Amino acid sequence: MWRYIGRKLFVYLLTFIVAVTINWMIPRFMPGDPVQSMLSRAQVSDPEALEAMTSYYENLFGLNAPLYEQYLNFWAGLLRGDLGISVMRYPEPVTDIILGAVPYTLALLLPAILLSWVVGNRFGAFAARSKILDNTVLPVGYILTATPYMWLALLLAWSLGIVAGIFPASGGYSFSLRPEFSWLFISDLISHWFLPFLSMFLVALGGWAIGMRNMIIYELEADYANYLQALGAPRKLIRRYAFRNAMLPQITGLAVQLGTIIAGSLLTEIVFNYPGLGSLILDSLNNRDFFLLQGVFLFVVVGVLIANFIIDIVYVLIDPRTRVQMTGGSS
Amino acid sequence: MTLRVNDLKVYYQTLRGDVRALDGVTFDLADGEIMGLAGESGCGKTTLGKSMIRLDSRMRHVGGTIELNGKDVPIADDDAMVPLRYREISLIPQYAMSALNPTRKIGRMVNELLRARGVRPADIADELNRRLELVGLDTDVLNRFPIELSGGMKQRVVMVISTLLDPSLLIADEVTSALDVSTQRAVAESMVEFRDRGYVKSMIFVTHDISLVYQMADTIMVMYAGHIVEKAPAATIINEPKHPYTQMLIGALPEVGSTMVQGRLEGIPGTPPGLLNPPTGCRFKDRCPMAFSKCSEQPPLVEIEPGHWAACWKTG
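No experiment lies behind these values; they were computed from the predicted model shown. Residue positions within a chain follow its written sequence, with the count starting from 1. To read the labels, note that chains go from A and ligands from 1, taken in the order they are written. This being a predicted model, a pLDDT of at least 70 is required before a residue's local features are given, and a value of 80 or more before pairs of side-chain atoms are given or counted; all residues contribute to the totals for chains, interfaces and linings. Hydrogen atoms and water are omitted, and side-chain values are computed over all heavy atoms in the structure.

Below, the discussion takes up the overall build of chain A. The secondary structure content of chain A amounts to 13 helices and zero strands. Reading chain A from its N terminus to its C terminus gives the helix and strand order α-α-α-α-α-α-α-α-α-α-α-α-α. Considered along the principal axes of its C-alpha atoms, chain A spans approximately 90 × 60 × 35 Å. Only protein chains enter the calculation, and the probe is 1.4 Å; a residue is then buried if its accessible area is under 20% of its type maximum, exposed if over 50%, and partly exposed in between. In chain A, buried positions account for 46% of the 331 residues. We call two residues contacting when some pair of their heavy atoms lies within 4.5 Å. Taking contacts inside chain A between residues at least 6 apart in sequence as the whole, the part at least 24 apart equals 73%. A 1.4 Å probe and the Shrake-Rupley method give the accessible areas. Residues count as covered only by the protein chains that appear here. Counting only carbon and sulfur atoms, one obtains 68% of the accessible surface of chain A, whose full area is about 17300 Å². Note on charges: Lys and Arg go in the positive column, Asp and Glu in the negative column, and His and the chain ends are not counted at all. Here the site of a charge means NZ on Lys, CZ on Arg, CG on Asp, or CD on Glu. Distance from the positive charge centre (20 side chains) to the negative charge centre (20 side chains) of chain A: 21 Å. Segments assigned H or I by DSSP are reported as helices when at least four residues long, segments assigned E as strands when at least two residues long, and all are numbered from the N terminus.

In structure tokens form, the structure reads like this:
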């Protein structure tokens, strides 16, 4: 068991190093010079002052060093928790900006992922048992999964936000309020949170429900289910077994889906102008703020890796087959 | 008389029409009898076994009756069958290797199954352990997952589970087919032992391995294309088969000690007819060397000598 976890940890560490390296490379080899764009915004016309400012900023961001040194500096900074200074919101450190955005993204992602997973699985398992429900739920599920996040998000923002006016369609909280721990602010926060959450929840829900329905039908046809039926076991027992066994691939699916869900949150956040990591990615791209971009990507990568690691461990705990393989038992 | 099957017809529903897998099957099974049920693939032997315990969704009961211990077995009524299953009629399935839930420890699965059937697991735990030891398993298997057992072990576990409530009739479907020869023998011997100890009253042993069934069964019934061809005591079927199909089937078996000098084994030329639109009359007539004009009528299954039935115009 511990050897298995150790091996997994090693693989994840390797993935992390590669991800960080690629993450460092991409913005640096992208066209466009961040210092130039910053200076052009400052509209400095004096060539001498321009040169002085250029060298000042390049020194500040460490861009005048050779590439390998920049790379090593990046790692050194990373280990200290220092991801550099944002160009876009100079002189705020990248880490602070990210930490400000993370609660919004997590508050959006975690409930959407987990709730859609739980509800979708229950719903799919339920649909597999009745024909009428199956015939209605399935097409709806297919439509929901096939819907792009931002399209559904736009539709929701338009219908519930603008036409019906029930929920605000933009922002993390009203501009008239300041962040504080009061009932007014929290309820405002929730009403702003609801539409982005709903759009992510709905799109993910369809996929889980369809997957679960198919898995349940497959499991109910499995040999062990047939055997139990031949021995007169009640449907309840067989359903329980089938549900549990059908959950296993769904858990793997959850791990695989995490990456795409984060991409989905990016689009949703952009549509609703929600102040999470997704909006931050868009802003930093527009401003060629590659320190911030790096930081956000790094955060996403670490998030996906941690989530996958947790699911690896959970899988071992619930599926005896992986457990046996791991402990070297004969099969 | 334990089991009486009368003119049983079970068809498979397909998009192209009914496949007549069992087309009028009649036989009796006595108390304590182990009957080997033999035949080629697709002759209906598994269908017959399944029909007696649970029809799957494609199978349709078209006609005929089954009687067990004097009571009618309502095979077409799935709910009415539930009280009979496991307690009166039990099954060791063809797929015994995968018949156990892979994510439950075997002991826990058994307990859940027993509780669901209204039996207190504690009442039967001693018996369960005793029977596991009888088939040569450590009682520790109950604390293991199916994946931790070898194929032969799983087979024996399923055997013990299926017979735990002492059913009157046990249907053992190809239980030895996936095992190696030495395990086959051990399993076959345990089956006889179970009958001798009264764990099961009588048994239908579905197989295509006639030489194995000869060693353990009291009687052998041979099926061909959804019909019964011949039923007789095991020794009679092997030594003096009357029906041409049985004769050719036995002739196709290798004998211990035979050499190539005595000539190659003969197969049966041709293939069995499709059961979607089966030919009228004797279904074996196209492959039968002894076929004559009368074979276009279906030969009845008649008792040609006590305990020996055959369905052929030449024997009747």
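What follows is about the packing of aromatic side chains. Two rings from Phe, Tyr or Trp (for Trp, the six-membered ring) form a pair when their centres are within 6.5 Å of each other. A pair whose planes differ by under 30 degrees is stacked, one over 60 is edge-to-face, and the rest are tilted. Under the criterion given, the structure shown has 11 aromatic pairs over all chains. On the basis of an interplanar angle of 80° and a centroid distance of 6.2 Å, the ring pair of Phe16 of chain A and Trp75 of chain A is categorised as edge-to-face. Placement of the pair is Phe16 of chain A in helix H1 (residues 2-29) and Trp75 of chain A in helix H4 (residues 67-79), with a sequence separation of 59 residues. With a centroid separation of 5.1 Å and 75° between ring planes, the pair formed by Phe194 of chain B and Tyr199 of chain B is classed as edge-to-face. Residue classification places Phe194 of chain B among the buried positions, given a relative accessible area of 2%. Through a chain of ring-to-ring contacts, the aromatic side chains of Trp193, Phe194, Phe197 and Phe201 of chain A assemble into a single cluster. Positioned above the aromatic ring of Tyr199 of chain B, the side-chain terminus of Arg131 of chain B is 3.6 Å from the ring centre. In this scheme, Lys NZ or Arg CZ marks a charge over a ring once it lies within 6 Å of the ring centre and within 35 degrees of the ring normal.

Glancing now at the layout of surface pockets. Empty space among the atoms becomes apparent when a probe as large as a water molecule is rolled across them. Space inside and on the surface of the protein is sampled on a 1 Å grid over the protein atoms alone, with a cavity defined as a set of points where a 1.4 Å probe fits but cannot get out and a pocket as an open set with protein on both sides within 12 Å along at least 5 of 7 lines; lining residues have an atom within 4 Å of a point. Grid points are joined across faces, edges and corners, and a volume is the space filled by probe spheres set on the points. Considered as a void within the structure, the largest pocket measures approximately 800 Å³ in volume. Listing elements by their share of the lining of the largest pocket, those giving two or more residues are helix H8 (183-220), helix H9 (223-230) and helix H10 (235-271) of chain A together with helix H1 (45-51) and strand S4 (59-68) of chain B. A per-class count over the lining of the largest pocket returns 13 nonpolar, six polar and 11 charged. Charged residues are taken to be Asp, Glu, Lys and Arg, nonpolar residues to be Ala, Val, Leu, Ile, Met, Phe, Trp, Tyr, Cys and Pro, and polar residues to be all remaining types, Gly included.

What follows deals with the interface of chain A and chain B. Taken together, the 24 residues of chain A in the interface contact 28 residues of chain B. Defined here as a combined quantity, buried area equals the accessible surface (1.4 Å probe) lost by two parts on assembly, summed across both. Contact between chain A and chain B buries roughly 2300 Å² in total, counting both sides, with carbon and sulfur atoms accounting for 62%. Counting the surface chain A buries against chain B, the share from its top three residues, Tyr227, Leu231 and Tyr241 of chain A, is 29%. Salt bridges are identified by distance alone: a Lys or Arg side-chain nitrogen within 4 Å of an Asp or Glu carboxyl oxygen. Viewed at the interface, chain B and chain A are joined by one salt bridge. Taking the shortest distance from any N to any O, the salt bridge between Glu112 of chain B and Arg240 of chain A comes out at 3.2 Å. Between N or O atoms, a polar contact is any pair within 3.5 Å; within protein, one atom must be a potential hydrogen donor and the other a potential acceptor, and residues adjacent in sequence are included only when both atoms are from side chains. Counting the contacts that link chain A with chain B gives 13 residue pairs in polar contact (both at pLDDT 80 or more). Mapped by element, the contributors of at least two residues to the side of chain A that touches chain B are H9, H10 and helix H13 (320-326) of chain A.

Residues and elements named next belong to chain A. Using the residue numbers shown here, the UniProt feature "transmembrane region" (unreviewed entry) corresponds to residues 9-26, 97-119, 140-169, 189-210, 246-272 and 292-318. A helix fraction of 73% and a strand fraction of 0% characterise residues 140-169, whose end C-alpha atoms lie 25 Å from each other. Its end C-alpha atoms 32 Å apart, residues 189-210 is made of 100% helix and 0% strand. UniProt positions are given in the numbering used here, feature names are shortened, and annotations may be inferred rather than shown by experiment.

Paired through backbone hydrogen bonds, the strands of a sheet run either parallel or antiparallel to each other. Residues and elements named next belong to chain B. Any two strands are treated as partners once DSSP identifies two or more bridges connecting them. One open sheet holds the eight strands; their spatial order is S6-S7-S8-S3-S9-S10-S12-S11, and the pairing between them is mixed. Taken across any chain shown, the strands that pair with only one partner, and hence form the sheet edges, are strand S6 (89-92) and strand S11 (302-305). The sheet shows a mean angle of 25° between the axes of neighbouring strands, taken without regard to direction. As defined by bridge partners, strand S7 (residues 169-173) adjoins strand S8 (residues 202-206) across five bridges and the pair is classed as parallel. Its bridge partner lying in S8, Ala172 is registered against Phe205. On the sheet, helix H6 (residues 181-196) packs against strand S3 (34-38), S6, S7 and S8 and is oriented at approximately 160° with respect to S8. The angle between two axes is taken between their N-to-C directions and runs from 0 to 180 degrees, where each axis is a line fitted to C-alpha atoms and a helix contributes only its stretch in contact.

As a further point, take helix H7 (residues 149-163) of chain A. Multiply 1.5 Å by the residue count of a helix minus one, and that product is the helix's expected span. Relative to the 21 Å expected for 15 residues at 1.5 Å per residue, H7 of chain A spans 20 Å between its end C-alpha atoms, a close match to the ideal helical length. Of the residues one or two after H7 of chain A, Gly165 of chain A is the one with positive phi, at around 70°.

Looking now at the side chain of Asn23 of chain A. Residues and elements named next belong to chain A. Mapped onto the elements, Asn23 comes out in helix H1. According to the relative accessible area criterion, Asn23 is buried, its value standing at 7%. Setting aside anything within four residues of it in sequence, one finds Asn23 in contact with Gln294, Phe297 and Leu298.

This next bit is on the nonpolar core. Membership of the largest hydrophobic core comes to 116 residues, with the highest contact counts inside it found for Ile161, Met191 and Phe205 of chain B. Sorting elements by how many residues they give to this core places H8 of chain A first, with 14 residues. The contact partners of Ile161 of chain B, leaving out residues within four places of it in the chain, are Tyr227 and Leu231 of chain A together with Tyr86, Leu100, Val110 and Leu113 of chain B. Buried Ala, Val, Leu, Ile, Met, Phe, Trp, Tyr and Cys residues form a nonpolar core when they are joined through side-chain atoms within 4.5 Å. Counting 34 residues, the second largest nonpolar core, distinct from the first, contains Ile66, Leu91, Val206 and Met221 of chain B.

Attention shifts here to the sheet that holds strand S1 (residues 3-14) of chain B. Residues and elements named next belong to chain B. Strand order in the open sheet formed by four strands is S2-S1-S4-S5, with antiparallel pairing between adjacent strands. Either end of the sheet is taken by a strand with one partner, and the two such strands are strand S2 (17-29) and strand S5 (71-72). Alignment of S4 against S5, held across two bridges, turns out to be antiparallel. Bridge pairing links Leu68 to Lys71 in S5.

Below, the discussion takes up the domain arrangement of chain A. When the domains of chain A are assigned, the result is domain 1 (34-82) and domain 2 (102-326). An automatic or database domain assignment is the source of the domain bounds shown. Placing a centre on the C-alpha atoms of domain 1 of chain A and another on those of domain 2 of chain A gives a separation of 40 Å.

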